[in-house]
Each structure stands twice: as C-alpha cells, then as structure tokens.
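Secondary and tertiary structure notes
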Amino acid sequence: MDTIFYTLQDFMIFTKGITYIIMGGILVFMPLFWCFLTQRDED
Amino acid sequence: MATENTQPADSKFTPFNIVTGIILVIGGILTILRFTQGIGAVTNLDNNNPWGIWIGFDLLCGVALAAGGYVTSAACYIFGFKRYHSAVRPAILTAFLGYALVVFALHYDVGRPWRLPYPIFYSQGTSSLLFEVGLCVFLYLTVLFVEFTPAAFEWLGLKKIREVVVKLTMILTIFGVILSTLHQSSLGALFMIAPSKLHPLWYSGYLHVYFFVSSMFAGMSMVIFEGTLAHRWLSHKMDDTHHHEAPGVAFGFAKAASLIMMGYLCIKIIGIAMDNNWHYLATGWGAWFLVELIGFVAFPAILYAMGSREQNMLMVRWAAVWTVLGIVLNRLNISIVAFNYHLPSADRYIPSIMEIGTSVFIVTVGIVVYRFITTRMPILYEHPDYKTH
Amino acid sequence: MAISRRKFLGGIGAALGGAAASLGTAYGASNKHFKGHPNSFGVLHDITRCIGCRKCEEACNTVNDLPKPETSFEDLSVLDSKRRTDADIYTVVNRFNTPEPVFAKKQCNHCLEPACASACFVKAFTKTKSGAVTYNEKVCVGCRYCMVACPFEIPAYEYHKALTPSVTKCTMCFPRIIEGKLPGCVEICPKEALIFGERDKLIKAAWQRIYKFPDKYTAHVYGEHEMGGTSWLYISGDEFSKVGMREDLGIKSAPELTSGALAAVPIVVGLWPVFLTGAYAISKRKEKIAQQEKDQAVAETLANAQEEAAKKLEDLREKLNQEKASAINFEVKKALEEAAKKAEEEKQAQEAQEEEEPDQADDADGEDPSKEDE
C-alpha cells in the first residue's frame, strides 16, 4: 500500500479504481440494508 | 398473435416496407464497406475531427432520447404516479432499443469493436469519463433488458420467471435511475477535458449537470412524441387502459418538462455568468447559442406550459417534437458544430453521405424492431392473464 | 475489565491514528501536489535555431520504420502549407513567416499529466518514468477519445485500416532512450535546435538562454506550465501563437479538468439510493395515509350512520315510553277518577243513609273537622 504516486493521473487511476469497487459494494449493500430496515413493517 | 400473421400476402409491399427494405439494403452495403475498407472509406473523419455524427447523433442523441425509460419508470414506481403505469412498458422498450442501437452504432464507430468489453473486463481506465459512460451503459442495458423481459415472458407464457422479475421492479428502477444519472451526465463531462476545443459558450464546468437535466425533458418529450406516433400507427394494439391513461401521461409530462426546461434555462444563464461569457453573446457563435437556448428551450417550454394550462394536446405534441429537435441541436452543437471552433473552415468536419446513410440505417433498424415487438408482445396493452399487477 | 477496555480502545485509536498518518503521507490530502517522475527526461526545442531542413522528419521516419512518403524529405516545398502529425508522420516542421521565415517542429509534447492517458478508458497510454508517454496498441479499442482530449492535436488514427487500426504518435523514441540512445530527431539535428536531457535541467538551461539573450527570446518557456507542464519544452524569438502554438490552453492539467465531474460519480452512487428509496417510501407512506384516511372516512360515515340509527331507535323508544306512560297516567287518572266517583257515590249513599239515622250523622260531623286538622 505504500505506493508513491508521482503523477495525478496514476493517483486517480488508483483511487478511482478503489472508488468503483466501493460503489459496487454500495449498490449491493443498500438494498439489503433497506430490506433489513423495513423487514418488520406490516405492509 | 396467430391472427397477426394471417394477413394477405400482398400486404408485404406496403410503402413503409419498401422504403425500409431499400434503407436496410443500403445499410448492408455500407456495413460491408466499413468493415472491409475501414472507417476512413465511409466517413469524413480525420485526425482533427475524430468524432462525427456516429458519436454526435447516434451516441449522444440516442442516449439522451432514450431517457424516457428511466424518467417514466421513476415517475411510476418511485414517485408513485400510478396512472403512468401503461406508459412504462413502451418507454422501457424504447429505452432498451435506444441503448441497444447506441451500442450497435458504436461497433461502426470504434476501430476494433470486438474489444468493446475491454474497458470493463480487461484493462480499466478508471480516470476516464468514457470508462464511466461505458460501464454505466453496459450495466443499464442489462437492467433495461431485465426490465423488458416480463413482456417477453408473458408473450412466451413463462409465468414463474416473470413473477421473479416483477418482484425486482423497485430495485431495477432505482438502479436504472442511478445508472442513468451517471452516464447521462458523464456524456456531457466527456467534453470537459477539452476546454481549448469547445467554444466557451458551450463549454462549462456544469456540462455534466446540463446533460443530466436536459436528458430528463428529452426523455419526457420522447415519450409524448412516441405516444403520438404509436397512436397514429399502432392504435389497434392498445387496450382501453392505455387509451384512457395516455392523455394524462402527456399532460403530466408536458407540465413537468416545462418546469424542468425553465430550470435548465436558468442554470444555462448561471453558466454564462460563472465564466463571464456575456461578450460572446454578441458574436455569431452567440447568435447560434441564443437560437438553441431561446428557440429550442425557452420557446418549447412556454409551448408546453400553454398546452398544459389549456389542456391542448396538439400544442403539447408540437412542443414535444420541438424539444426533441432542440436536444438533437444541443448535442450536435457540443460534439460537432462548436467543437473545434478554432480550426479554419477547411479543417472542419462535415458528415459524408455514407455516414448519414449509416445513421439512417441504424434508426430504421430500431423502428423495424420496435414494430416487430409491439405488434407481438404485450407492450401497449396488458396481457389478459397478468392484469392484476 | 475497565482498564482492559480502555487499553483496547486506546489501541484502536492509535491504530487509526497511525493509519491516518500513513495515509496522509502516502496519498496526501486533496491539495496534494504531484510533481511528476523525478529526473525524467525531456527535449528542449530552440525554435530560433531551427532551419527547416526536415532531417528530423526523415530520422523519425527511419527509426520508427514508417512507410516512406511520396515526396522525399529533401523536398522543402512541403513547408509551403501547414501540416500536422498523421498516422505515419509522427513529427512535422512548419514554416511561419513572422515576416522572416521561422521553423517550428511539432510532435507529441509528452505531457506530465497526459490528456490522452486521462481520457483513455483502457489505460493504453502510460506516462513512463523516463518522461515518454507510450501507447499500448494491444488494448486500444479505437474510440479516439484521446484525439478529442489532446490539446496539442497530436494523436493520429489509421482510418484506412479496416480491422487493425491504431492510434499513432511520437514515442519520444522510448525504446531508444531505455537503451541509452538519443531520440532519432535529436540525434540527427545539425543545428542543435533540439536538446535531450533531464527536464528540470532543461528548464534551467532554457531560462539561462532567455536571461542571456533577452532581445533574442521571448520570456516564456512553452511547456513549463502549459496543461500542467510537458516534457518537451520550447523557446522562441516570437510569441508562440505566431509559430502555431496555442497560448490559451491554460495551466490546468487534463486530470484536473475532469476531476470535478469524476468526483460527482461516487457521490451520486452514495446518495441516490437514499434519496430515491426515501422518495419511494414517502410516496408509499402518502398512499398508505391516503388509504387510512379513506378507510377512516368510511368508518366514520358508517359510525355516524349507526349512531343516527341508534338515536332514531332511542327516540322511537322514548316516544313509545312516553306514550305508554301517558297511557298509564290516563289509566291511573281514569282509575282515580273512577275511584273518586265511586267514593262520592258511596258518600252520597251514606249521607242518604245518615239522613235516615240523624244521631249517628252528628257524631260523625263533630269528629270529622278534628281529623282534617291533623
């Protein structure tokens, strides 16, 4: 993890790559959380 | 379905079919030319003008005008406008076909189309806005396909799979809106990397916001416009619900589009102020910019408002057509007309006849497939077995 | 227990702090400045020295194994028209009349933050440690966004290849410089109009020339800051806009130009699910409330109706009761009257009897008033 970035370009490729993975995680997590949140609501 | 095919054989040679046939044959020839002689043989693209109408029209306009899918499904399922339900399926179908055609058109434009999955599966250039667009278009096409499948399952009588997909409606709709927000805006943001090439009146730090906001009223106008066409040509395929709800959808979208267009107008003016571009308005480019903004945004917005106030369907339909033209004008201005504005006129891009022919061919393919599907599957009417949903 | 927990929390705090500190040094905050690869190479082009001999074009053609052009490199008449880089021409020299003829070489400037690399969605472009921006043909899809992005209008495309078209541009002779050789154009230049070296040192050298000959040079090292800086640097006697180089590009690098729009993407993914599900929940709740209100209204109407019916029944009952009571009263009255009548009759009958026996009647009269007083 101790990579040194010399250019903004390399920095962005790296950080955006992680961000995209997080975004995928969010898209999976949020619906599940919504289900958890509303599970006991009577419909 | 069986009754559809029992039409007399000689009805195949309708004017529609003949024109379509000719266009498809020409398109076939152009396709062969493109993939044997190269992009250079059929287009006027060059090193200064790498993107022509295949991007400016087929991609940018195609995606903007296919926004009806997310707008309608969001209105119906998320914001609870239940009366728009009969408009959802045709809108989803058009969106799906629109995106499918965009991807189809890209196969002509990019140099090595078989590598189109590379950015997603092989070498991710995450710093690029085009990566964002590509990923979202890929995911959204998948979402649209899944959203569309219930119609096909009903047609094929696959009840159980249909039930599973219908249960996913909410989540698919929310995914659709997120993905649409992202790629609609990122298409505008594509040009933010080239401030030295795009005329300052069109270049803005808000380009991504402009593209997203304009995609909303583009989608709504397209739903109204298609509704008009479908009522003219496919009326016999519609059920009572559709006939009954259609005017409500048109007037509702007219009102919404009018409001959003006024908001769009406001943020465009803010954009001019932010970059202090007022002095450009007095130039020839400024006149053209005002034609776009006043003639194709403010004017149809007012037309929509009047049509909505007076419940005048004719006015609403004209406003829809005018708005769609305005969106096409805006996208072409950004990608072609105001792009490379600094180059001498000899170096500017004018599309070749063959490029235009290919675009016409792609649109025609879309119309043919739309007709094929709507005349067979339960799109404009509810399938009698599945009325409850 | 308490101590161990405090220790535990402290441990976490230290770990987090350490992590934050290490992140701070490794990746920096948002105002982190990237200075480019240290000791990377560049080329300084002194436009005042160029004589337009086109030797560099020829050398470029040779070292890159490009197809020979129709007109030979000796033919200087090609300088009569303005040219740009093309699919098989990585560098060109143009003549500008200012009014004396001035020659300027054009090729990839090898940006410190390349627009082509920032734009590429398959990472086909790399800013190498050496300074050269290289292109990997093996992943290129051919979208040509790099050509849209490049502010210097350098990358070219093989539009006439049907199946294997590539983007082409100057590589700063990357294969040669890693072997320790000079780029082809620099090596051949007869007038030392091109100097290869470390970029930092070239900038110093450029400014030294400008300070030394202030009348000969315009005080601007082109490429020092343009678009975030480039590895190729230029000095010129005339303003750069007069020798075909744009001076309105600004100093913001390509990744900076798009970072705002890119930063909006994850925020949308983070917040849209909240807003949209929220909107959905609100609309659903509204629906539910509307339904409840409707149900309640129905219930109320029903209740009202019932109450009214009950009231009516009650009224009726009361009326009946009253009637009953009055009937009883009437009967009672009637009975009383009858009784009174009977009593009267009896009295009269008695009186009549008393008249027959007067003594008894007197006694009775005398006794009666006293009885009434009581």
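Residues numbered from 1 in each chain as written. Chains lettered and ligands numbered in written order. Predicted model: local features only at pLDDT ≥ 70, side-chain atom pairs only at ≥ 80, totals over all residues. Heavy atoms only, no water.

Averaged over all residues, the pLDDT of chain B equals 89, while 96% of them reach at least 70. Throughout residues 1-9 of chain B the model reports pLDDT below 50, and contacts reaching past four residues in sequence, or to other chains, amount to four contacts. (pLDDT = per-residue confidence, 0-100. Contact = heavy atoms within 4.5 Å.)

If you walk through the whole model with that rule in mind, you get zero disulfides over all chains. With no disulfide partner, C61 of chain B has as its closest neighbouring cysteine sulfur the one in C143 of chain C, 19 Å distant. Taking relative accessible area as the criterion, C61 of chain B reaches 1% and is therefore assigned buried. Cysteine C146 of chain C shares no disulfide, and the gap to the nearest cysteine sulfur, in C143 of chain C, comes to 6.2 Å. Owing to a relative accessible area of 6%, C146 of chain C belongs among the buried residues under this scheme. (Disulfide = S-S within 2.5 Å. Buried < 20%, exposed > 50% of the residue type's maximum accessible area, 1.4 Å probe, protein only.)

To continue, consider the interface of chain A and chain B. It is common to give the size of an interface as the accessible area that goes away when the parts come together. The partner chain B presents nine residues to the eight residues of chain A that form the contact. Across the interface of chain A and chain B, roughly 720 Å² is buried in total on both sides, 75% from carbon and sulfur atoms. When residues of chain A are sorted by the area they lose upon contact with chain B, I13, Y20 and L27 of chain A head the list and together hold 67% of the total. Remark: the boundary between chain A and chain B carries zero salt bridges. There are two residue pairs in polar contact (both at pLDDT 80 or more) connecting chain A and chain B. Of the residues in the side of chain A that touches chain B, the class split is five nonpolar, two polar and one charged. (Buried area = accessible area lost by both parts, 1.4 Å probe. Salt bridge = Lys/Arg side-chain N within 4 Å of Asp/Glu carboxyl O. Polar contact = N/O pair within 3.5 Å; in protein donor to acceptor, adjacent residues only side chain to side chain. Nonpolar A, V, L, I, M, F, W, Y, C, P; charged D, E, K, R; others polar.)

Turning next to helix α11 (residues 240-274) of chain B. Think of an α-helix as turning once every 3.6 residues; residues three or four places apart then point the same way. Residues and elements named next belong to chain B. Spanning 35 residues, α11 covers 51 Å between terminal C-alpha atoms, matching the ideal 51 Å at 1.5 Å per step. Of all the bends found along α11, the most pronounced is centred on A246 and spans about 35 degrees, while P247, a proline, follows it within four residues. Just downstream of α11 lies N276, where phi reads positive at about 50 degrees. (Helix = DSSP H or I, 4+ residues; strand = E, 2+ residues; numbered from the N terminus. Expected span 1.5 Å × (residues − 1). Bend = angle between axes of the 7 residues up to and from the residue.)

As a further point, take the pattern of salt bridges. Across all of its chains, the model carries 18 salt bridges over all chains by this definition. Between D109 of chain B and R144 of chain C there is a salt bridge; the shortest N-O distance is 3.1 Å. With one member in each of two chains, D109 of chain B in helix α5 (residues 85-109) and R144 of chain C in the loop between β5 (133-135) and α4 (145-149) form a pair that bridges those chains. A relative accessible area of 1% means that D109 of chain B is categorised as buried. The closest approach of N and O atoms between R49 of chain C and D46 of chain C, which form a salt bridge, is 3.8 Å. The partly exposed category is assigned to R49 of chain C, whose relative accessible area is 30%.

For the rest of this paragraph, the subject is the interface of chain C and chain B. The interface is formed by 57 residues belonging to chain C together with 64 residues belonging to chain B. The interface formed by chain C and chain B holds three salt bridges in total. Note that E137 of chain C and R112 of chain B form a salt bridge whose closest N and O atoms lie 2.7 Å from each other. Every element with two or more residues in the side of chain C that touches chain B is listed here: α3 (115-119), α4, β6 (156-157) and α8 (254-356) of chain C. The residue inventory of the side of chain C that touches chain B, partitioned by class, reads 38 nonpolar, nine polar and ten charged.

Moving on, we get to the packing of aromatic side chains. Two measures describe an aromatic ring pair: the distance that separates the ring centres and the angle between the ring planes. All names here are of chain B. Following the criterion strictly, the structure yields 36 aromatic pairs over all chains and no others. Here W51 and F191 contribute two aromatic rings whose centre-to-centre distance is 5.9 Å and whose plane-to-plane angle is 85 degrees, an arrangement assigned as edge-to-face. Remark: F191 occurs in the loop between α9 (169-189) and α10 (207-233) and W51 occurs in the loop between α2 (39-42) and α3 (53-65); sequence separation between them is 140 residues. F191 matches W51 in its accessibility class, with the two residues each being buried. For the ring pair Y118 and Y122, a centre distance of 4.8 Å and an interplane angle of 50 degrees mean the geometry is tilted. (Phe/Tyr/Trp six-rings, centres within 6.5 Å; stacked < 30°, edge-to-face > 60°.)

On to the layout of surface pockets, then. Approximately 1,100 Å³ is the volume found for the second largest pocket. Along the wall of the second largest pocket there are 39 residues; nearest its centre are W34 and T38 of chain A, M170 of chain B together with Y280 and K284 of chain C. Among the secondary structure elements, those contributing two or more residues to the lining of the second largest pocket are α1 (8-38) of chain A, α4 (68-78), α8 (159-167) and α9 of chain B together with α8 of chain C. Among the residues making up the lining of the second largest pocket, the classes are represented as 22 nonpolar, eight polar and nine charged. (1 Å grid on protein atoms, 1.4 Å probe; cavity = no way out; pocket = protein on both sides within 12 Å on 5 of 7 lines; lining within 4 Å. Points joined across faces, edges and corners; volume = space filled by probe spheres on them.)

So, on to helix α7 (residues 129-156) of chain B. Residues and elements named next belong to chain B. Taking 1.5 Å per residue, 28 residues should reach 40 Å; α7 reaches 40 Å between its end C-alpha atoms and fits that length. In α7, a bend of some 35 degrees at T149 exceeds every other bend along the element, and P150, a proline, comes one to four places later. Capping the start of α7 is the job of one residue whose side-chain oxygen sits 3.0 Å from the backbone nitrogen of L130: S128.

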